[in-house]
Amino acid sequence: MQTDKMHELRTLWNQEVGSVGLQQASLLRVLLRFQMKRLLAIVFFATLFMLFLFFSSGVLVYHIVLYIMHPDLSSVGGGLGLCLVFFLALVLKIVCFSVMWTINIRTAIRMRTGFCMMGFHKILSLRTHAGVSVGQMVNVLTTDSQKMYEGFLLAPMMLPFPLLLLGCAIYSCHILNYTTLIGFAILFIVILAQLAAAKIINKFQKKTVENTDSRVRTISEILTCIKLIKMFVWESSFYSRVTDIRGLERRMLEKAALIQNLSVTLSPLVPIMAVIVTFIAHTALGLPLTASTAFPVITLFNCVRFILSWLAPTINFVSEAVVSVNRLKTLLLTENPESYIIQNSDMKSATVVMEKATLSWNRPLHQETEDGDDLVSKTRASEGTPVLRDISFTLHKGRLLGVCGNVGSGKTSVICSLLEQMHLQKGSVQVSGSIAYAAQQAWIFYGTVQDNILMGAPLDLCRYNRVLRSCCLDVDMDLLPFGDQTLLGEQGVNLSGGQRQRISLARAVYSDRDLYLLDDPLSAVDVHVGKHIFEECIKKELRGKSVILVTHQLQYLEYCDEVLVLKDGAVLEAGPHQDLMQAGRHYTALLTAYLTEHASAERVPSPTRFSSLERSDGGIVNPAFDESDENIDASSPDCKLADQLIAPEQSREGVGLRVFLKYLQAAGGYCVSFLILVLFVLLMTNAALTYWWMSYWLEQGHGTANVTSSEQGDVSLNPDLRFYQKISGVLIVLMLIICITKCVSYVKVTLHAATTMHNTLLKKIMGNLMSFFDTTPSGRILNCFSSSQLEIDSLVPHHLNVLLIYSLMALTICIINSVVFPVMLLPILFLVTGFSVLLRMFLRNISELKRMESISRSPCISLCTSIVKGLGTIHAYDKTLTYTHLFQSLTDTHVNNFLLFNFGLRWLCTVVDCLCTVVALVISLMVVFISNNVCSAPMRALTLSFIIQLTNNCQHLILSLTELKARFISVDRLLEFTMGSESEASGQLQVDQVSEDWPQHGAITFLDYKMRYRQNSPVVLNGLQIHIRAGEKIGIVGRTGSGKSSLAVALYRLVEPAGGSILIDGVDITSISLSALRSQLSIIPQDPVLFTGTVRYNLDPFSRHSDEEVWAALEKAFMKDAISSLDGKLQAVVTDNGGNLSVGQRQLMCLSRALLRNSKIVLLDEATASIDAGTDALIQTTIREAFQSSTVLTIAHRINTVLHSDRILVLNHGQAVEFDRPDVLKLRPDSQFSSLLAASNSVTS
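J.: What exactly am I supposed to notice about the packing of aromatic side chains here?
T.: Aromatic rings in a pair are described by how distant their centres are and how their planes are angled relative to each other. For the coordinates displayed, the defined rule picks out 33 aromatic pairs. Geometrically, the ring pair formed by Trp692 and Trp693 is tilted, given 6.5 Å between the ring centres and 50° between the ring planes. Trp692 gets classed as partly exposed once you look at its relative accessible area, which sits at 30%. Their ring planes at 45° and their centres at 5.5 Å tell us that Trp693 and Tyr724 sit as a pair that is tilted. In this pair, Trp693 is assigned in helix 23 (residues 670–700) and Tyr724 in helix 24 (residues 721–766), connecting sequence segments 31 residues apart. Neither residue differs from the other here; Trp693 and Tyr724 are each classed as buried.

What follows is the structure, encoded as structure tokens:
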């Protein structure tokens, strides 16, 4: 059913676009048409509700007051009949309101679901996330959808309000005189002021949303790159960056909240102000005013309070909803490149034919690919310069095409052109058959290893196992704790870079497509693994398939059927390897440079050694060496599937007093909170005293004046009239002063609480152990910083404000009624008891439903953030429908919880309304039948007026109470993250100071060092006992799980030791602060990480270095020319994760970052994996020269990167099994390093 509705909404949008065009299409009009019948039904029941409200609070109260003042004019039966009709009108009012609200909730939820599905469908349809940031997409599906829901929830209900306003005005004139129009003019002015305020709030909201997008995008970036941020001690820089954005956001929120709070606070007070002004003007004109005419007018003015109370939030929510709808429309306006690939099934011999194709990234501007490969080309895209120029080649069926070239030559752009991620300016591109794609940076989604490989395809166990073997994943399945059922975190946080790449490759191979686009799949794997993959996977498993292989491992090109050489976006050479070598041009130079670089890898032609490396199927397995970070847990016989790394989010018990007290502390402490409460009490006491004073004035009647019988009770004739008028005026002025003071103070205090909690959470998250990020999906954390923070910013203060106003109003009403009419104590006690019982029965369950709704929202956010990074892969495998169904399933679960929460809330409100209606019947009977000797008629009329107010206000009271308790779950979720995890170095009791020039030498000593990643997990470094001399260059090798990358983790203290110690220049690293340690180390990671910002910010976020030093570092990393060509140079913008740079250029930027720090200890984690051979040779020279006096630890994936090291460290099971000079290890026939070298030689030979 829901699928049909979503299809209907998309059909309506397509019709709208077809009739008026994409730019002129109105999404708001489409949404209204989508649910028009239901909206009309809501308006109908809202009209009935307002008619019964007017009838009960206006017409019937007028006649009841007349009966109280003149009981002799009617019989007892007439009084009883009035009370019964009054009760019936209240019941019908409740019924209409409940039916209206029920239809309204379902309609608004349908609108919200349709809104989300349209947004997600559009996101999924984008072949690249063309300038739309992850933060914007998350906000559209969370914050914007919630605001749109609230706007459509309240707007239809308020449409008939002019009828109620007009009816009350006319009937008041009928009862009193035309002077009542003065009061209604005040009400009308207030309504106009609220409309004007809504426009101002809308303006502030637009600016707030921009800041919110920026804040969420930055936090998302922090979560993605947290490991690097910790290693470079950049927490304070990013914390300041986020808090600065939050400061801008808070200023906009404060302005909008102040206007909204004034509007909400004045809404219940405006009727009494208007009544007082009306009565003062009425009596000043000498017109008659008695209790029998005054009290019905008071109740009619209080009827309008319903409009005023709902109008302020409705206008605010509607204005925000319009902004949100426009933001979704902006997303819908984002266009994909026009389809240009010609699917030609008639091509019998060719799979791809590209003829003189010129392609660019120029529409939309700053378009970004999943894996870019051309910085300069992409930068020129905005100027219309093509990326690929006159590209012509033909890939015949069953052939292997190798693509090579220097960094930035356009290799990945060729792949992207076949995925239709670019714009074709001229030429043609023809493709025959289906496509499989393995991106340069592998995309791993949340799910098991098997899920990531199958990607929705049916399981063929025989083919599946064959693919695992060909991609060298069978050994990894034994190492992973649950084999192929191991649950992978977002972006494969619990896998190494090589494992991620091989899973991506396995996904492509298993898909059994016609054309395979492999974008440098061998860069993240070791030489022998790369040889195995090339032989067993690319050459054997994909035999008969058409394959385009982009690679920097040039040794494999001679086995390709054809080679395409690119330079500056153009084909420099093309043809078979032998022909290109004979031509002796650019390709020959590239290959010669590459082979020269590898010539230093001496061959060890030992037949016995080679035989130990051969598999029965012809591949190579090296027992001594394999690429991998040790970010995995070894398998254990005690492992259970329920003990996966990432556990489902659990629901806890309801919000308790502890959470509320923490909120008060964040607001400024108990004293500040108490002063705010005092202001609320003063305001509502003033309002209640104003009502009482007016009743007292009416009770005095004509006073001591001599009047006729017809003039009795006329307060206009009272000699003390001016005194009563002055006191009334003073009370109104005092009320306004207290109101403004309260609003300003309350807004500042509540936003201070929200910002304090936000900043505390941010600091806590950034200071958490790395294990926290391994086990917590980023969607959960982003949910706190987006949806939950929105509720703490806006909804918690709003509902708390409403709750305090209406609860204090109810309290003062009960107190004054009990004083002036003591008999009222009995029904009031009954009301309070019933109210307490109902809250005890329902409130906890409703809060739990709200918690379930909040928890079920996180998977939707996680899915969105995940697919944005894999759009190219999803489109290549044509899985958009699969992910649409998945999102729809997650949305259904969330919507079900959301609907249950709202229906539970509505049921509680209805029951409380019924209880109040019964009490109103009892009190109306008491007011009618108790004599004037017990209580005067004006005071009984005041009692009736108060009980009607109480009945009408119960909606606000119960809604605000339940909503506040539900919204406080967001506060609890933030506190759960703030208080529920362990921070880094939390167990460090003493911090020693070190000199500013420490370490002076860079000597490293491991003393019986032991480490495990998490409590109860296996030991990954076990009794490590080695000494690294100052200035030594150490190569580190070992197989999967041997502990290579764990050394870096240990040095940076990302995980605290389980035993032993590490000394750097004789200083125990656990005795000093983390910032003192990490600031003296540098690392160039395997996966290059860049941040949104300028080039300079990425290299030197604290601005500690001069521009000359930055340029010098860029020059050493061979990036100076590329950066100089950019507009803005060092101030040029780097997009999300460096999307406008190729992967190789990102690695060079990371190298520049390390060069700039000039640390005594440097770790290289295969820093040049995605760089061509020529540049790699230059970079290796630069590293040797720049870090000549530094201790360099190189975690090796390619043999040539460690052959020039002073010593080689071979790890196995977390222990140092070999540690000596390379030439010594090569001469040992049984050394594990020697077997590695033999495997490497067999590849390059």
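Moving on, there is more to tell.
J.: Explanation requested: the sheet that holds strand 2 (residues 350–360) in the structure shown.
T.: Two orientations exist for strands paired in a sheet by backbone hydrogen bonds: parallel and antiparallel. Taking strand neighbours across the sheet as the criterion, the 4 strands line up as 1-5-2-3 in an open arrangement whose pairing is mixed. The open sheet has two edge strands with one neighbour each: strand 1 (341–343) and strand 3 (388–396). Across the sheet, the mean angle separating the axes of adjacent strands is 10° when strand polarity is ignored. Relative to strand 5 (residues 423–431), strand 1 runs parallel, the two sharing 3 bridges. The residue bridging Ile341 from the neighbouring strand is Val429, located in strand 5.

J.: How do you make sense of the pairing of strand 9 (residues 515–519) when you look at a structure like this?
T.: Two faces, one strand: in a regular strand the side chains alternate between the faces of the sheet. Burial within strand 9 is extensive, with 5 of its 5 residues counted as buried. The alternating pattern of strand 9 places Leu515, Leu517 and Asp519 and Tyr516 and Leu518 on opposite faces, both of which are buried. As paired strands, strand 6 (residues 435–438) and strand 9 are joined by 4 bridges and run parallel to one another. Across the sheet, Ala438 pairs through a bridge with Leu518, a residue of strand 9. Of the strand pairs in this sheet, strand 9 and strand 10 (residues 546–550) are connected by 5 bridges, and their pairing is parallel. Across the sheet, the residue bridging to Leu515 is Ser546, located in strand 10. As for the winding sense of the linkage, the β-α-β connection from strand 9 through helix 18 (residues 527–541) to strand 10 is right-handed.

J.: Could you clarify how one ought to interpret the sheet that holds strand 10 in this entry?
T.: Here 6 strands make up an open sheet; going across it, the order is 6-9-10-4-11-12 and the pairing mixed. Bordering the open sheet on either side are strand 6 and strand 12 (570–575), each of which pairs with just one other strand. Adjacent strand axes in the sheet meet at a mean angle of 15° when their direction is disregarded. Where strand 4 (residues 400–405) and strand 11 (residues 562–567) come together, 5 bridges link them in parallel fashion. Considered in strand 11, the bridge of Gly402 is made with Val563. Contacting strand 6 and strand 9, helix 17 (residues 497–510) crosses the sheet at an angle of about 170° to strand 6.

J.: Help me understand the packing of helix 6 (residues 161–175) against helix 11 (residues 291–333) in this model?
T.: Two numbers describe a pair of packed helices, the interaxial angle and the distance between the axes. Look at helix 6 against helix 11: their axes get within 10 Å of each other, and the N-to-C directions meet at 170°. Relative to helix 11, the element helix 6 lies roughly antiparallel. Contact with helix 6, carried on its side by Phe161, Leu164, Leu165, Cys168, Tyr171, Ser172 and Ile175, involves Thr293, Pro296, Val297, Leu300, Cys303, Val304 and Ile307 of helix 11 and no other residues of that element. Among the residues making up the contact of helix 6 with helix 11, the classes are represented as 12 nonpolar, 2 polar and no charged.

Rules behind the numbers
- Residues numbered from 1 in each chain as written.
- Predicted model: local features only at pLDDT ≥ 70, side-chain atom pairs only at ≥ 80, totals over all residues.
- Heavy atoms only, no water.
- Phe/Tyr/Trp six-rings, centres within 6.5 Å; stacked < 30°, edge-to-face > 60°.
- Buried < 20%, exposed > 50% of the residue type's maximum accessible area, 1.4 Å probe, protein only.
- Helix = DSSP H or I, 4+ residues; strand = E, 2+ residues; numbered from the N terminus.
- Pairing = 2+ DSSP bridges.
- Axes fitted to C-alpha atoms, helices over the stretch in contact; angles between N-to-C directions.
- Right-handed = clockwise from strand over helix to strand, strands pointing away.
- Contact = heavy atoms within 4.5 Å.
- Parallel < 35°, antiparallel > 145°, perpendicular 65-115°, else oblique.
- Nonpolar A, V, L, I, M, F, W, Y, C, P; charged D, E, K, R; others polar.

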